[in-house]
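# Examination of the molecular architecture
Chain by chain, the residues:
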Amino acid sequence: MRDRDLHVIVGAVGLSALGDFLAVVPLALALHERTGSGLAVAGLFVALWAPVALLGGPAGLLVDRVESRSLLLWVSLAQAAAAAALAFVDGLAPILVLTALIGTGFAVAQPAEFALLPAAVGEGRLAVANGRVETARYVGFTLGPLAGGALAAAGGTRLALLLNAATFVIVAAGAAILRCRRPPRPARKGAAPERARDGFLFLLRHATLGPVMAVAVVSLLFMTASATAEVFFAKDVLRVGDGGYGALMTVWTLGMAVGSMAIARRVAAAGFATAALVAIAVQGAGLAIPTLWLAFGFALGAYLLGGAAHGVKNVLVRTLLHTEVPDELRGRAFAAYNSARNAAELAALVGGGLLISVLGARWTLLLAGALPVLVAAAALARGWTPARPRLAEVKLLGGGR
């Protein structure tokens, strides 16, 4: 049963990631053609990603109060309806509203999938399961833009949007056939009322998770700026053209798959926190080092190493959350981390564009990689990875609402 449920969840994650980019690439191109406005295109991505950043508390509380499999099913159906409607609207306002509704679904569906995984595989196989989940996500992220770009070039924007709606229907069908369940746990007698902010407070208070999550989020404030700089670095600094840029992105994604599937599972549970910080440092180095020696082959090797570290980091952070957070709080804890991560990435994307205009692509990419190395190294040097505390000893900050 467990392998069957794991396969369903892994397939749903990969298909959802593919569908997201299958739709958003043609939609962004169509908006650019209709409006000629960079703000309109930026608004599309903000509408899709901002709900995850803004709704972490309420979404996580909903996941912890409602049976996760059923929640995933109904949210996916609602996303399918919004995605199908997108195929038949033209105005900017309705496009942004429907996109925001899909993003709101992600704010709920992602922590629901995360919280459901231990029920599907058991507590002893979480590192392996998270490796498969992350690899499926990377495959979707890689194939989705390729398919979306091809459909856009062929004039198939409406088809791409309908295919995205179909992926949500398939995810809902997958949720319907899952045998595992994660029912909400009733509050203990005399316990404080559950609050939307409890996930954030738990992460801040936890002796191991707090430092790791802080370093991971702060690092994203810098590293995600690389997404803007890499195009200019490949084409204007390395002078390798569109093909070279595509090769760098492909090698990074390949590294992520290797790191998540082959390396992360070999880390002992007692070393998850330390290894996650090391992986953040190596990921940053993979971005920064190619700016010091401008050789395309060297850049490919560094990107392969950085991508592998990226995959390891993602798996270990997910597994740390699974192992250190009590089941009744997992929805809120993951939603809190997801919220902080998305907020950092949105800020970095904006900041990356500004830095390029001031410093240029090469030095922007150097900062994007080097600063996370320094942050992670500082955390390791200060010994911010203590022995795992007992969950019973971790208390939420504040007693009132």
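Below: a short report on this structure. This one's a predicted model, so the numbers in the text were calculated from it and none came from an experiment. Residue positions are counted from 1 within each chain, in the order its sequence is given. Local features are withheld for residues below a pLDDT of 70 in this predicted model, meaning they are given only at 70 or higher, and side-chain atom pairs are given and counted only at 80 or more; totals for whole chains, interfaces and linings count all residues. Hydrogens are left out, water is left out, and the side-chain values use all remaining heavy atoms of the structure.

### With respect to the overall build of the protein chain
In DSSP terms, a helix is any run of H or I states spanning at least four residues, a strand is any run of E spanning at least two, and both are numbered starting from the N terminus. Counting its secondary structure elements, the protein chain contains 15 helices and zero strands. What you see for the protein chain is a C-alpha radius of gyration of 21 Å, in line with the 21 Å of a compact globule of 401 residues. Looking at the 401 residues of the protein chain, the share that counts as buried comes to 51%. Where accessible areas are quoted, they stem from the Shrake-Rupley method and a 1.4 Å probe; at the residue level, only the protein chains shown are allowed to cover. For the protein chain, the accessible area works out to roughly 16800 Å², and carbon and sulfur atoms hold 69% of it. His residues and chain termini do not enter the charge count, which takes Lys and Arg as positive and Asp and Glu as negative. Positions of charges follow a simple convention, taking NZ of Lys, CZ of Arg, CG of Asp or CD of Glu. If you average the places of the 33 positive and of the 20 negative side-chain charges in the protein chain, the two averages end up 6 Å apart. Each radius of gyration reported is based on C-alpha atoms, and the globular scaling rule is 2.2 Å times the count of residues to the power 0.38. For each residue, the accessible area found with a 1.4 Å probe, counting protein chains only, is set against the maximum for its type, and the residue is called buried under 20%, exposed over 50%, and partly exposed in between.

### With respect to unusual backbone geometry
The bulk of non-glycine residues show a negative phi, and the bulk of peptide bonds are trans. Although it is not a glycine, R239 adopts a positive phi angle of roughly 55°. Structurally, the position occupied by R239 is in the loop between α10 (226–237) and α11 (241–263).

### A closer look at the pattern of salt bridges
Close approach of charged atoms allows side chains with opposite charge to pair. The term salt bridge refers to a side-chain nitrogen of Lys or Arg lying within 4 Å of a carboxyl oxygen of Asp or Glu. Applying the stated criterion across every chain yields a total of eleven salt bridges. The partner of R182 in a salt bridge is D327, and the shortest N-O contact between them spans 3.3 Å. Taken together, the residues span a long stretch of sequence, with R182 in the loop between α7 (157–177) and α8 (198–205) and D327 in the loop between α13 (296–324) and α14 (330–359) at a distance of 145 residues. On the basis of relative accessible area, R182 is assigned to the buried category, the value being 5%.

### Side note on the side chain of H322
With respect to the element layout, H322 can be found in helix α13. Nitrogen and oxygen atoms within 3.5 Å of one another constitute a polar contact, given that in protein one can donate a hydrogen and the other can accept it, and given that sequence-neighbouring residues count only through two side-chain atoms. Among the polar contacts listed, one links the side chain of H322 to the side chain of N130, at a separation of 3.2 Å. Apart from residues no more than four positions distant in its own chain, H322 is found in contact with F114, L117, P118, E123, L126, N130 and R330. Contact criterion: two residues are considered in contact whenever any of their non-hydrogen atoms come within 4.5 Å of each other.

### Focus on the packing of aromatic side chains
Here is the rule: rings of Phe, Tyr and Trp (six-membered ring for Trp) pair when centre to centre is within 6.5 Å. Planes less than 30 degrees apart are stacked, more than 60 are edge-to-face, and the remainder are tilted. All chains considered together, the criterion is met by five aromatic pairs. Ring geometry for F45 against W49: centres 5.3 Å apart, planes inclined by 45°, an arrangement best described as tilted. Linking F45 with W49, this pair stays in helix α2 (residues 38–54), spanning four residues, or about one helical turn. Their ring planes at 45° and their centres at 6.1 Å tell us that F106 and F168 sit as a pair that is tilted. Note that F106 is positioned in helix α5 (residues 92–121) and F168 in helix α7, a separation of 62 residues in sequence.

### Comments concerning empty space enclosed by the protein
Detection works on a 1 Å grid of protein atoms alone, calling trapped sets that fit a 1.4 Å probe cavities and calling open sets with protein on both sides within 12 Å along at least five of seven lines pockets, with lining residues defined by an atom within 4 Å of a point. Grid points are joined across faces, edges and corners, and a volume is the space filled by probe spheres set on the points. Taken as a whole and assessed by the stated rule, the structure comprises one cavity of 30 Å³ or more. Put simply, the largest cavity is a space of about 100 Å³. What lines the largest cavity is D20, A23, V24, L27, L48, L86, T99, I102, F106, L161 and N164. Put simply, the parts of the chain that give the lining of the largest cavity at least two residues each are α1 (2–35), α5 and α7. Sorting elements by how many residues they give to the lining of the largest cavity places α1 first, with four residues. Throughout this entry, Asp, Glu, Lys and Arg are counted as charged residues, while Ala, Val, Leu, Ile, Met, Phe, Trp, Tyr, Cys and Pro are counted as nonpolar. The remaining residues, Gly among them, count as polar. Split into classes, the residues belonging to the lining of the largest cavity amount to eight nonpolar, two polar and one charged.

### Overview of the nonpolar core
To qualify as a nonpolar core, a set must consist of buried Ala, Val, Leu, Ile, Met, Phe, Trp, Tyr and Cys residues joined through side-chain atoms within 4.5 Å. Membership of the largest hydrophobic core comes to 52 residues, with the highest contact counts inside it found for L203, L209, V212, M213, L321 and Y337. By size, the runner-up hydrophobic cluster in this structure holds 33 residues, among which are A23, L48, A80 and I95.

### Here we look at the environment of G210
Within the secondary structure, G210 is located in helix α9 (residues 209–223). What makes G210 buried here is its relative accessible area of 15%. Expressed as a C-alpha distance, the spacing of G210 and V312, which sit 102 residues apart in the sequence, is 19 Å.

### Digging into α13
Helix span, as expected, comes to 1.5 Å for every residue beyond the first. Between the first and last C-alpha of α13 there are 41 Å, a value that for 29 residues agrees with the 42 Å anticipated at 1.5 Å per step. Burial analysis of α13 places 21 of its 29 residues in the buried class, the great majority of the element.

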